[in-house]
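# Structure assessment
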Amino acid sequence: MTYAMQLHQINQDMQQCIQNCLDCHSVCLNTVSYCLQQGKDHADAKHIALMLDCAEICQTSANFMLRSSALHMRTCGVCAEVCNMCAMDCQRFANDAQMQACADTCRRCAETCREMSMAAM
């Protein structure tokens with residue numbers, strides 16, 4: 001069964017949220033690696049931990065939605081909160097394209113997860 005066939009019973013808003021979660025997961029993990037290479041403020045332990053938390057909750061939320069868990073609204077609510085925190089933390093690196101891309105991806109994920117957290121199953 002292909003990925004597209006597996007999603008036939010999931011509505012378009014949820015499909016977009018799943019994709020945003022998967023994108024955010026990937027971008028955050030990639031940005032952690034980037035930050036560790038940059039060092040200094042980029043490699044601050046709290047900053048790295050927040051990006052790892054964000055990547056993890058995004059993966060978890062995507063998984064909950066993919067298997068139509070009745071608890072997806074709760075994981076999406078937490079995901080929106082963590083993504084917003086991560087976006088704000090990444091945004092402080094104003095002249096860094098990688099960090100701005102991470103912030104943008106986190107904001108996009110937070111927006112759709114917030115919508116999912118308020119939607120009825």
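Keep in mind that what you see is a predicted model, and the values were worked out from it rather than measured.

Below, the discussion takes up the overall build of the protein chain. Along the protein chain, the regular secondary structure elements total five helices and zero strands. Overall, the protein chain shows an N-to-C arrangement of helices and strands of α-α-α-α-α. What you see for the protein chain is a C-alpha radius of gyration of 15 Å, in line with the 14 Å of a compact globule of 121 residues. On the principal axes, the C-alpha backbone points of the protein chain span a range of 45 × 30 × 20 Å. The proportion of buried residues among the 121 residues of the protein chain is 44%. The contacts in the protein chain between residues at least 6 apart in sequence include a share of 68% that link residues at least 24 apart. As displayed, the protein chain offers around 6800 Å² of accessible surface, 53% of which is attributable to carbon and sulfur atoms. Averaging the positions of the 8 positive and the 12 negative side-chain charges in the protein chain gives two centres separated by 3 Å.

Moving on to the nonpolar core. Judged by nonpolar contacts, the single largest core of 36 residues is most densely connected at C21, C54, C83 and C106. Sorting the residues of this core by element identifies α2 (12-38), α3 (45-66), α4 (72-91) and α5 (97-118) as the ones contributing at least two each. Here C83 is in contact with C24, C54, C58, C106, C109 and A110, once residues within four sequence places are set aside.

The subject of this paragraph is the packing of α3 against α4. Where α3 contacts α4, the two axes come as close as 9 Å, and the packing angle between them is 150 degrees. The orientation of α3 with respect to α4, classified from their angle, is roughly antiparallel. Seen along the crossing, α3 lies across α4 with a hand that is left-handed. Across from H47, L50, M51, D53, C54, I57, C58, T60, S61, F64 and M65 in α3, the residues of α4 making contact are H72, T75, C76, V78, C79, V82, C83, M85, C86, D89 and C90. For the contact of α3 with α4, the per-class residue count stands at 15 nonpolar, five polar and two charged.

Position of T112 among the secondary structure elements: in helix α5. According to the relative accessible area criterion, T112 is buried, its value standing at 12%.

For the rest of this paragraph, the subject is the confidence of the model for the protein chain. Summing up the model confidence of the protein chain, the mean pLDDT is 92 and the portion of residues at 70 or higher is 91%. When pLDDT is averaged over each element of the protein chain, α3 comes out on top at 98 and helix α1 (residues 3-6) at the bottom at 47. Here residues 1-5 is a poorly scored stretch, pLDDT under 50, and it has five contacts once near neighbours within four places are set aside; other chains count.

With that out of the way, let us pick up the state of the cysteines. Each disulfide consists of a covalent bond between the sulfur atoms of two cysteine residues. Within the structure shown, the criterion is met by zero disulfides. The structure places no disulfide on C83, whose sulfur is separated from the nearest cysteine sulfur, that of C58, by 3.6 Å. Left unpaired, C113 is separated from the closest cysteine sulfur, that of C21, by 3.5 Å. Of the residues examined, C113 reaches a relative accessible area of 0% and is grouped as buried.

The rules behind the values
- Residues numbered from 1 in each chain as written.
- Predicted model: local features only at pLDDT ≥ 70, side-chain atom pairs only at ≥ 80, totals over all residues.
- Heavy atoms only, no water.
- Helix = DSSP H or I, 4+ residues; strand = E, 2+ residues; numbered from the N terminus.
- Rg over C-alpha atoms; globule rule 2.2 N^0.38 Å.
- Buried < 20%, exposed > 50% of the residue type's maximum accessible area, 1.4 Å probe, protein only.
- Contact = heavy atoms within 4.5 Å.
- Areas by Shrake-Rupley, 256 points an atom, 1.4 Å probe, with all protein chains shown as cover.
- Lys, Arg positive; Asp, Glu negative; His and termini not counted.
- Charge placed at Lys NZ, Arg CZ, Asp CG, Glu CD.
- Core = buried A, V, L, I, M, F, W, Y, C linked by side-chain atoms within 4.5 Å.
- Axes fitted to C-alpha atoms, helices over the stretch in contact; angles between N-to-C directions.
- Parallel < 35°, antiparallel > 145°, perpendicular 65-115°, else oblique.
- Left-handed = near helix turned anticlockwise from the far one by under 90°.
- Nonpolar A, V, L, I, M, F, W, Y, C, P; charged D, E, K, R; others polar.
- pLDDT = per-residue confidence, 0-100.
- Disulfide = S-S within 2.5 Å.

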